[in-house]
Structures are given as C-alpha cells and as structure tokens.
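Spelled out, the chains give:
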Amino acid sequence: QVQLDESGGGLVQAGGSLRLSCVASRRSFSMYNMAWFRQAPGKGREFVVRISRLGITTDYADSLKGRFTISRDDAKNTAYLQMNNLKPEDTAVYYCAARIATTGQYDSWGQGTQVTVSS
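Read on for an overview of the structure. Not measured: the values here are computed from a predicted model.

This next bit is on the state of the cysteines. Linking two cysteines covalently via their sulfur atoms produces the bond known as a disulfide. Per the counting criterion, the structure on display carries one disulfide. Here C22 is linked by a disulfide to C96, with a sulfur-sulfur distance of 2.0 Å. Given an S-S torsion of about 60°, the disulfide between C22 and C96 has right-handed geometry. With a gap of 74 residues between them, C22 in strand 3 (residues 18-24) and C96 in strand 9 (residues 92-99) connect regions that are remote in the sequence. In this pair, the class of C22 matches that of C96, namely buried.

Below is the structure:
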C-alpha cells in the first residue's frame, strides 16, 4: 500500500475550475495505477477517472468526459485532476486511489478533499 494525500479542493462558482493533486508517499509511485472517485452528500462513492502506469491509458466516467482531465507526474509522485466548467452537481468529496494491479479493488485511498460548487 501507499499513503496518498489529496489537496486542491475548495469553494468555486459554477463554471469555474479547480485542480486537485494527489501526492504519494513512495518513490515507486510509477508502479501504481491511479484513480479518482467522488462521494456526494447522501450518495455512494462514484468512479470519476483512472490512469494507468506511465499514463498510457485513461478511462473516464461518461458523464465527465470533456470537463475533467487526469494526469500524472511520476517524478513528483503526484496525480492530478483538472476540473473545468464545474457544476453544482460536482459538489463532493474527491478521493484518489491506487493499486498495483490493472484490475480489481484499489487498496490505497487518500483522506479526500472537499469540492463545493455554488450556483
């Protein structure tokens, strides 16, 4: 497992942008497949996007394509989530997650960062 630390959340008006960061504690970060999930108030955790090792492939939730972009910088042990044209329904706690395997459960999770979008 790896320790993950998210940051970059906050309050933003609808139409605005935020960039979330997820810093991993290990130098072996490049071995991990990374993902972002979110959980809105009163709802279950929802998949947002994932990125493979070396950033070779990405996979987005259909509803978020075109507004959200995932990236990674292995030299900085960091994954990013750029969120543009934010909507009130994007309000949630955003979590990053990591796994060595390409499929299956994510076994490392961050504490989450709150994103609030006002109308």
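Roughly 180 Å³ of internal volume is contained in the largest pocket. Taken together, 15 residues form the lining of the largest pocket, with R38, A40, K43, E46 and E89 sitting closest to its centre. For the lining of the largest pocket, a count of residues per class yields four nonpolar, four polar and seven charged.

So, on to the pairing of strand 7 (residues 68-73). By the alternation rule, side chains of strand 7 split into F68, I70 and R72, which are all buried, and T69, S71 and D73, of which none is buried. For strand 7 and strand 8 (residues 78-83), the ladder comprises six bridges, and the chain directions are antiparallel. The partner of R72 across the bridge, within strand 8, is A79. The loop that links strand 7 with its antiparallel partner strand 8 comprises four residues; one of these, N77, has a positive phi angle of about 55°.

Glancing now at the packing of aromatic side chains. Tallied over the full model, the rule gives four aromatic pairs. Measuring from centroid to centroid gives 5.7 Å for F37 and F47, while their planes differ by 70°, and the two rings are edge-to-face. With F37 in strand 4 (residues 33-39) and F47 in strand 5 (residues 45-51), this pair connects stretches of sequence that are ten residues apart. By relative accessible area, which is 12% here, F37 ends up buried. Between F37 and Y106, the aromatic rings sit 5.6 Å apart at their centres with planes inclined by 75°, giving edge-to-face as the arrangement. Taken as a pair, F37 in strand 4 and Y106 in the loop between strand 9 and strand 10 (108-109) lie far apart in primary sequence, 69 residues in all. For the pair formed by F37 and Y106, the shared burial category is buried. Here the basic side chain of R72 rests over the ring of F29, its NZ or CZ set 4.7 Å away from the ring centre. Note that R99 overlies the ring of Y106, its terminal NZ or CZ placed 4.1 Å from the centroid.

Definitions and limits used
Residues numbered from 1 in each chain as written. Predicted model: local features only at pLDDT ≥ 70, side-chain atom pairs only at ≥ 80, totals over all residues. Heavy atoms only, no water. Disulfide = S-S within 2.5 Å. Helix = DSSP H or I, 4+ residues; strand = E, 2+ residues; numbered from the N terminus. Buried < 20%, exposed > 50% of the residue type's maximum accessible area, 1.4 Å probe, protein only. 1 Å grid on protein atoms, 1.4 Å probe; cavity = no way out; pocket = protein on both sides within 12 Å on 5 of 7 lines; lining within 4 Å. Points joined across faces, edges and corners; volume = space filled by probe spheres on them. Nonpolar A, V, L, I, M, F, W, Y, C, P; charged D, E, K, R; others polar. Pairing = 2+ DSSP bridges. Phe/Tyr/Trp six-rings, centres within 6.5 Å; stacked < 30°, edge-to-face > 60°. Lys NZ or Arg CZ within 6 Å of the ring centre and 35° of its normal.

That's the geometry; what it means functionally is another story.
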